[in-house]
Amino acid sequence: MSGQEVIISNNLAEDIASAISRQSHDRLFVLTDTTTLRLCWPLVSGLPCLGSAQMITIGDTDDNKTLQSLSHVWEELQQGGATRHSLLVNLGGGMVTDLGGFAASTFKRGISFINIPTTLLSQVDASVGGKTGINFGGLKNEIGVFNNAASVIISSDFLRSLDQKNLFSGYAEMLKHGLISDEESLDELLHFDLNIVDYDRLNSLVAKSVSIKERIVEEDPTEKGLRKALNLGHTAGHALESLAIEQKRTVLHGYAVAWGLICELYLSVVKCNFPKDKLRQTVQFIREHYGDFPMDCKQYERLYEFMRHDKKNEGDSINFTLLGSIGDIRINQKATKEEIFEMLDFLSFKL
Ligand code: GLY
């Protein structure tokens, strides 16, 4: 996989123009979704470097991350005369950067693409690290390839139109990056005021967060080992997200991850001696900002089943990434059913 340039931008016009000019291309395409077209495209649509771009638009929610939308993008590229030397700019959240990255990686065996993530979740996670793909057969990110964007351009200008829930959702992945990195980074995150946002300061926290992810992905681009650190909070989190979807409740990914962090930090205390004061501090921040995941113990079996079918497992056992302390990553940790139920008790205040 070729390297990826991540630009934390203070000047979108300049940074987009120079990223585009570094990729020699014949035709230029911009992929976006209906909401991003309305809220974020106006911030860049007047740039001369995008003047010749042909627009491709898809629906704006994760249920559009489908083969049908992918096929629509391929068709638009084909009808727009795209060649192997064309360039695709993905402007949007994780759905657009994942699907667009996959469309570009497969069209004529691969054309170059640039990611301009416009949500906090996509800035700190989805757009960086080369995971591309679509949902398929009822499963998230079932089909895809690892392939880096030529450049990822990150700017807090886009975040000003983001609602608070989506801001909090992305912030959960930043908390995860702090936890797997170092005490100072975590401390900074736990003391940032998420209710009155200082966007310049947020941009520098995002820069730090992205550099933590980049460091890990560089060492293990295809998730054979260390990259599993990025799964902290996600085994429990994905199960909670799946339960919510089954119950037709709306739960944003980052909220499920935040509650998953409560679960898996508790498991870290039990199994890896993670310090209890750090658990308390982090749990307090999460409960204050994300509230609680309402459930009762009748749902534990179902959650356990979701965890058993998590695609991160190998064989029959459920795989967790846990911590011995902040930054002390323990991948491939197994837990018994009793331990998992106890962890769910902790999440739902029964301990
Ligand atoms: N979202 C976790 C990863 O990129 O590996």
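These numbers were taken from a predicted model, which means no experiment stands behind them. (Residues numbered from 1 in each chain as written. Predicted model: local features only at pLDDT ≥ 70, side-chain atom pairs only at ≥ 80, totals over all residues. Heavy atoms only, no water.)

> Explain a nonpolar patch on the surface residue by residue, including any values.
A cluster of nonpolar side chains, namely Leu 67, Phe 136 and Ile 143, defines an oily patch on the protein surface of about 250 Å² accessible area. Along the chain, Phe 136 turns up in strand E6 (residues 134-136). Residue class for Phe 136 comes out partly exposed when judged on its relative accessible area of 41%. (Patch = residues over 30% accessible without salt bridge, like charges linked within 9 Å, V, L, I, M, F, W, Y side chains within 5 Å. Areas by Shrake-Rupley, 256 points an atom, 1.4 Å probe, with all protein chains shown as cover. Salt bridge = Lys/Arg side-chain N within 4 Å of Asp/Glu carboxyl O. Helix = DSSP H or I, 4+ residues; strand = E, 2+ residues; numbered from the N terminus. Buried < 20%, exposed > 50% of the residue type's maximum accessible area, 1.4 Å probe, protein only.)

> Provide a residue-level description of the site of the ligand, including the pertinent values.
The ligand sits among Asp 125, Lys 131, Lys 213, Glu 223, Arg 227 and Leu 230. With respect to the ligand, the side chain of Asp 125 contributes an N or O atom lying 3.0 Å from a nitrogen atom. Interatomic distance of 2.6 Å between a side-chain N/O atom of Lys 213 and an oxygen atom of the ligand. Protein chains bury 88% of the 200 Å² of accessible surface belonging to the ligand in isolation. Among the residues making up the shell around the ligand, the classes are represented as one nonpolar, no polar and five charged. (Near = heavy atom within 4 Å. Polar contact = N/O pair within 3.5 Å; in protein donor to acceptor, adjacent residues only side chain to side chain. Nonpolar A, V, L, I, M, F, W, Y, C, P; charged D, E, K, R; others polar.)

> Outline the environment of Lys 271, supporting the account with residue identities and numerical values.
Tracing the sequence through the fold places Lys 271 in helix H11 (residues 253-272). Separated by 12 residues in sequence, Lys 271 and Val 283 place their C-alpha atoms 18 Å apart. Among the polar contacts made by the side chain of Lys 271, one reaches the main-chain carbonyl oxygen of Lys 334 at a distance of 3.3 Å.

> Any details on helix H8 (residues 183-190)? Residues and values, ideally.
Of all the residues in H8, the buried ones are Ser 185, Leu 186, Leu 189 and Leu 190. Within H8, the buried residues cover an arc of 130° as seen down the axis, which keeps them to one side. The inward-facing, buried residues of H8 abut helix H7 (164-181), helix H9 (199-219) and helix H12 (276-290). (Arc of directions from axis to C-beta. Contact = heavy atoms within 4.5 Å.)

> I'd like to hear about the sheet that holds strand E3 (residues 54-58), residue by residue, with values.
Note: strands within a sheet are paired through backbone hydrogen bonds, in either parallel or antiparallel orientation. Pairing is parallel in the open sheet, where six strands are placed in the order E1-E8-E5-E4-E2-E3. Single-partner strands in this sheet number two, and they are strand E1 (5-8) and E3. Along the sheet, successive strands turn relative to each other by an average axial angle of 20°, direction set aside. Pairing geometry for E1 and strand E8 (residues 151-154), over four bridges, is parallel. Bridge pairing in E8 places Ile 7 opposite Ile 153. Contacts from helix H5 (residues 94-106) reach strand E2 (28-33), E3, strand E4 (87-92) and strand E5 (112-117), with the element oriented near 165° to E4. H9 rests against E1 and E8 of the sheet, and its axis sits at about 165° to E1. (Pairing = 2+ DSSP bridges. Axes fitted to C-alpha atoms, helices over the stretch in contact; angles between N-to-C directions.)

> Talk me through the packing of aromatic side chains; I want residue IDs and the actual numbers.
Applying the stated criterion across every chain yields a total of nine aromatic pairs. Ring geometry for Phe 168 against Tyr 290: centres 5.8 Å apart, planes inclined by 50°, an arrangement best described as tilted. One end of the pair, Phe 168, is in helix H7; the other, Tyr 290, is in helix H12, with 122 residues separating them in the sequence. Judged by relative accessible area, Tyr 290 falls into the buried class, the value being 5%. Ring centres 6.0 Å apart and planes at 70° place the aromatic pair Tyr 255 and Trp 259 in the edge-to-face group. Of this pair, Tyr 255 and Trp 259 both sit in helix H11, four residues apart, which is roughly one turn of that helix. Each of the two residues, Tyr 255 as well as Trp 259, counts as buried. An aromatic cluster of at least three residues, connected via ring pairs, comprises Phe 168, Tyr 255, Trp 259, Tyr 290 and Phe 293. Against the face of Tyr 255 rests Lys 165, its NZ or CZ located 5.6 Å from the ring centre. Above the ring of Phe 349, the side-chain terminus of Arg 287 is found at 3.9 Å from the ring centroid. (Phe/Tyr/Trp six-rings, centres within 6.5 Å; stacked < 30°, edge-to-face > 60°. Lys NZ or Arg CZ within 6 Å of the ring centre and 35° of its normal.)

> I'd love a proper account of the nonpolar core, names of residues and values included.
Counting 93 residues, the largest nonpolar core has Tyr 171, Trp 259, Tyr 290 and Met 343 as its most contacted members. Once you skip the residues sitting within four places of it in the chain, Trp 259 turns out to touch Leu 240, Val 251, Ile 286, Tyr 290, Gly 291, Asp 292, Phe 293 and Leu 347. Leu 12, Leu 28, Trp 41 and Ile 153 belong to the second-largest nonpolar core, a separate cluster that totals 20 residues. (Core = buried A, V, L, I, M, F, W, Y, C linked by side-chain atoms within 4.5 Å.)

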